[in-house]
Amino acid sequence: MQLGRYPPESFFSSIDPLLTGLRDHLPAETFSADQLCGRLTEEWANKLGLPVATPVGFGAFDCHMGAVAANIKPGC
């Protein structure tokens, strides 16, 4: 499987037949969590109590980000 794209349709349907067709509903582009998605607007900065223009990254699964933060290497 290559990075930067979704797995093939067969991957999703092999997990559960209910996932067949999921790719049809996903955006065409994929992004990694280290990329900047945007910055907080003044409205959201005020709501969250954060500085305006705070960087916002793309989302990821907590369990995967925890492994990255723990410096997990292949084979562990």
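Residues numbered from 1 in each chain as written. Predicted model: local features only at pLDDT ≥ 70, side-chain atom pairs only at ≥ 80, totals over all residues. Heavy atoms only, no water.

Observations regarding the overall build of the protein chain
Move 1: The helix and strand inventory of the protein chain stands at three helices and two strands.
Move 2: When the helices and strands of the protein chain are read in sequence order from the N terminus, they spell out α-β-α-β-α.
Move 3: Since a compact globule built from 76 residues should have a radius of gyration of about 11 Å, the 17 Å found for the protein chain marks it as more spread out than a globular shape.
Move 4: Within the protein chain, the fraction of its 76 residues that count as buried is 7%.
Move 5: Accessible surface for the protein chain amounts to roughly 6400 Å². Of this, 61% is attributable to carbon and sulfur atoms.
Move 6: Across the protein chain, the 5 positively charged side chains and the 8 negatively charged ones have centroids separated by 8 Å. (Helix = DSSP H or I, 4+ residues; strand = E, 2+ residues; numbered from the N terminus. Rg over C-alpha atoms; globule rule 2.2 N^0.38 Å. Buried < 20%, exposed > 50% of the residue type's maximum accessible area, 1.4 Å probe, protein only. Areas by Shrake-Rupley, 256 points an atom, 1.4 Å probe, with all protein chains shown as cover. Lys, Arg positive; Asp, Glu negative; His and termini not counted. Charge placed at Lys NZ, Arg CZ, Asp CG, Glu CD.)

A word on the pattern of salt bridges
Move 1: Across all of its chains, the model carries one salt bridge by this definition.
Move 2: Residues Glu 43 and Lys 47 are paired through a salt bridge, measuring 3.2 Å at the closest nitrogen-oxygen approach. Separated by four residues within a single helix, Glu 43 and Lys 47 lie in helix 2 (residues 42-48), roughly one turn from each other. You'll find Glu 43 and Lys 47 in the same group, each marked exposed. (Salt bridge = Lys/Arg side-chain N within 4 Å of Asp/Glu carboxyl O.)

What about the packing of aromatic side chains?
Move 1: By the definition in use, this model includes two aromatic pairs.
Move 2: Between the aromatic rings of Phe 31 and Phe 58, the centroid separation amounts to 4.4 Å while the plane-to-plane angle is 0°, which identifies the pairing as stacked. Of this pair, Phe 31 sits in the loop between helix 1 (9-15) and strand 1 (36-39) while Phe 58 is found in the loop between strand 2 (55-57) and helix 3 (62-69), placing the two residues 27 residues apart along the sequence.
Move 3: The class of Phe 31 is partly exposed, set by a relative accessible area of 40%. (Phe/Tyr/Trp six-rings, centres within 6.5 Å; stacked < 30°, edge-to-face > 60°.)

Considerations on the confidence of the model for the protein chain
Move 1: For the protein chain, mean pLDDT is 86; residues scoring 70 or higher make up 96% of the total.
Move 2: Model confidence for the protein chain, summarised as mean pLDDT per element, is weakest for helix 3 at 73 and strongest for helix 2 at 97. (pLDDT = per-residue confidence, 0-100.)

Quick look at the environment of Gly 59
Move 1: Position of Gly 59 relative to the elements: it lies in the loop between strand 2 and helix 3.
Move 2: Residues Gly 59 and Asp 34 lie 25 residues apart in sequence; the distance between their C-alpha atoms is 9.5 Å.

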